[in-house]
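Structural overview for review
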Amino acid sequence: MNFSALRNGEMRQYSRAMRYPTSSKLFQTAKQLIPGGVNSPVRAFRNVGGEPFFVRRAKGSRIEDIDGNSYIDYIGTWGPAILGHAPMSVINAVHEAAKNGLSFGIPNVLEVEMAQMITSWVPSVEKVRMTNSGTEATMSAIRLARGYTKRDKIIKFDGCYHGHSDSLLVAAGSGALTHGEPDSAGVPAVFAAQTIVLPFNDREAVSQAFATCGDEIAALILEPYPANAGLILPQPGFLAFLREITAQYGTVLIFDEVMTGFRLGKAGVQGLEGITPDLSCFGKVIGGGLPVGAFGGKAEIMDYLAPLGPVYQAGTLSGNPLAMVAGITQLHELEKSGAYETLDAIGARLQSGVEALFLKKGIPFRFNRVGSLFCLFFTDQEIINLESVKTQDMEMFRKLFWALLDKGIYIAPSPYETGFLSLAHSNDDIDFTVDAMESALGEI
Ligand code: KE4
């Protein structure tokens, strides 16, 4: 028995290895073969301290780890699993399509069907190009905007995440208006210098940036509902303001709806808000769990893409038949009447349960939710930007994460992520979760 772990309160971490010992052993091996033992950093549980479990299978609202522990999953593989995990309709469609070939590198029918669905669901998208990830989609949209405007600078907002392409891995520099600084090693300062990073919801900062160098700004890219710093909502009129000022300066307005697209309604945030961006980026839901991304918008801009125009963009597996048929099937399921209303009702049930609990306990909190996206913050500050997100009690979050995991509830392993609901989350799942949260709060 590791008495020092017991003595200095590492028991929970220690017991974690006891809770899923097979995962713990496998993680040791993984770390020798894969940097940090993971193929994407957030999976390493570093934001909550401790070791991740390894999943064995997933079905509906639940996942099971290799030690046989089962959890209600509030991440849904970061968005794709909007129907729940392993929906039979998607599995069967992929199975049938696979019999005809796994990949062609040749135009196929499913690409056209997907393009037809996206352009009919999202009116601002006149033409669309498929990619294999959200990163590729946003990276390509930025390059396209630069090629179309023949300008180099871009604006992004602090706290918004658009994938890991160099121009977008940039934090607010000292002089936020002048240039950004690399947010990762390996991003040349000269690249970061072309990216202006501003506080979200800050009209004054945006106006100043455009007044200073508006005629050099190729694109302004944002998550219209930022969901990579918890869930932040735009203040009334902010999105309309961005639409107006970008139009005034000939800057391409890009909505990164990789997270929100097809999740918050058929036309995502742009449908909810009635704002028409010039380009939009998508991913996750339209792949049904298979690798996918997409970007699209005004034909006048999209036609600058090769082979028509001078902006090069390509991908061996772009439009892959399995990813296409998985996404198409998923969208058809969402098209069925009441799907989005049901997702919203599930979210409302969770929200009312959690809010009643935290009010009863007298714990400062904020609960932001739109449809099936939600985030609980341990702060009484209004959440308007990244700075306000940082006021939350991170230690409280960490304790709650582990206490909930012990009770079979898997929430995002970071206070900077958002929760995802699916059509597979039942009322019993939600009620069980709220009860588990009440018991967890009693322990931490
Ligand atoms: P991918 O390259 O991971 O497919 O997509 C990048 C991306 C782009 N835009 C938005 C708004 C996104 O949320 C993402 C990726 N989302 C994260 C979840 N916060 C993926 C999880 C991970 O990095 O492992």
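Everything numeric in this text was worked out from a predicted model, so none of it was measured.

1. Some remarks on the packing of helix α15 (residues 394-406) against helix α16 (residues 427-441)
Working note: a packed helix pair is described by the angle between its axes plus the distance between those axes. Across the interface, α15 lies against α16 with an axial gap of 9 Å and an inter-helix angle of 120 degrees. As summarised for this structure, α15 and α16 are arranged oblique, according to the angle between their axes. For the pair α15 and α16, the crossing hand works out as right-handed. Residues Met396, Leu400, Ala403 and Leu404 of α15 touch α16, and the partners they reach there are Ala436, Met437, Ala440 and Leu441.

2. What about empty space enclosed by the protein?
Scanning all chains against the criterion turns up two cavities of 30 Å³ or more. What lines the largest cavity is a set of 20 residues, and nearest its centre among them are Phe374, Cys375, Leu376, Phe397 and Ile411. Here the lining of the largest cavity is composed, by residue class, of 15 nonpolar, four polar and one charged. Around the second largest cavity, the lining residues are Gly60, Ser61, Asp73, Gly76, Ala81, Gly84, His85, Arg263, Phe420, Leu421, Ser422 and His425. Considering only residue class, the lining of the second largest cavity consists of three nonpolar, seven polar and two charged.

3. Some words on the domain arrangement of the protein chain
Split into domains, the protein chain comes out as domain 1 (3-73 + 338-443) and domain 2 (89-335). On a C-alpha basis, the centroid separation for the pair domain 1 and domain 2 is 28 Å. Tallying the contact residues gives 25 residues for domain 1 and 24 residues for domain 2. Between domain 1 and domain 2 the total buried area reaches about 1,900 Å² when both faces are included, carbon and sulfur atoms providing 63% of it. Considering only the side of domain 1, the residues that lose the most area to domain 2 are Tyr340, Val370 and Leu373, jointly responsible for 32% of the buried surface there. Where domain 1 packs against domain 2, one counts zero salt bridges. The interface formed by domain 1 and domain 2 includes nine residue pairs in polar contact (both at pLDDT 80 or more). Among the secondary structure elements, those contributing two or more residues to the side of domain 1 that touches domain 2 are α13 (339-361), β13 (366-370), β14 (373-377) and α14 (386-389). If one sorts the elements of the side of domain 1 that touches domain 2 by residue count, β14 sits on top with four residues. Partitioned by chemical class, the residues of the side of domain 1 that touches domain 2 number 17 nonpolar, five polar and three charged.

4. Details of the sheet that holds strand β2 (residues 62-65)
Taken in spatial order, the four strands make up an open sheet running β1-β2-β3-β15, and their pairing is mixed. A strand with exactly one partner marks an edge of an open sheet, and here the two such strands are β1 (55-59) and β15 (409-410). Both strand β3 (residues 70-73) and β15 contribute to a ladder of two bridges, which runs parallel. Paired with Asp73 across the bridge in β15 is Tyr410.

5. Here's the deal with the pattern of salt bridges
With the rule as written, the count across this model stands at 14 salt bridges. Notably, a salt bridge pairs Arg349 with Asp431, separated by 2.9 Å at the nearest N-O pair. Within this pair, whereas Arg349 is found in helix α13, its partner Asp431 is found in helix α16, the two being separated by 82 residues in sequence. Residue Arg349 is classed as partly exposed on the basis of its relative accessible area, which comes to 34%. When salt bridges that share partners are traced, they join Arg56, Arg57 and Glu64 into one network.

Cut-offs applied
- Residues numbered from 1 in each chain as written.
- Predicted model: local features only at pLDDT ≥ 70, side-chain atom pairs only at ≥ 80, totals over all residues.
- Heavy atoms only, no water.
- Axes fitted to C-alpha atoms, helices over the stretch in contact; angles between N-to-C directions.
- Helix = DSSP H or I, 4+ residues; strand = E, 2+ residues; numbered from the N terminus.
- Parallel < 35°, antiparallel > 145°, perpendicular 65-115°, else oblique.
- Left-handed = near helix turned anticlockwise from the far one by under 90°.
- Contact = heavy atoms within 4.5 Å.
- 1 Å grid on protein atoms, 1.4 Å probe; cavity = no way out; pocket = protein on both sides within 12 Å on 5 of 7 lines; lining within 4 Å.
- Points joined across faces, edges and corners; volume = space filled by probe spheres on them.
- Nonpolar A, V, L, I, M, F, W, Y, C, P; charged D, E, K, R; others polar.
- Domains from an automatic or database assignment.
- Buried area = accessible area lost by both parts, 1.4 Å probe.
- Salt bridge = Lys/Arg side-chain N within 4 Å of Asp/Glu carboxyl O.
- Polar contact = N/O pair within 3.5 Å; in protein donor to acceptor, adjacent residues only side chain to side chain.
- Pairing = 2+ DSSP bridges.
- Buried < 20%, exposed > 50% of the residue type's maximum accessible area, 1.4 Å probe, protein only.

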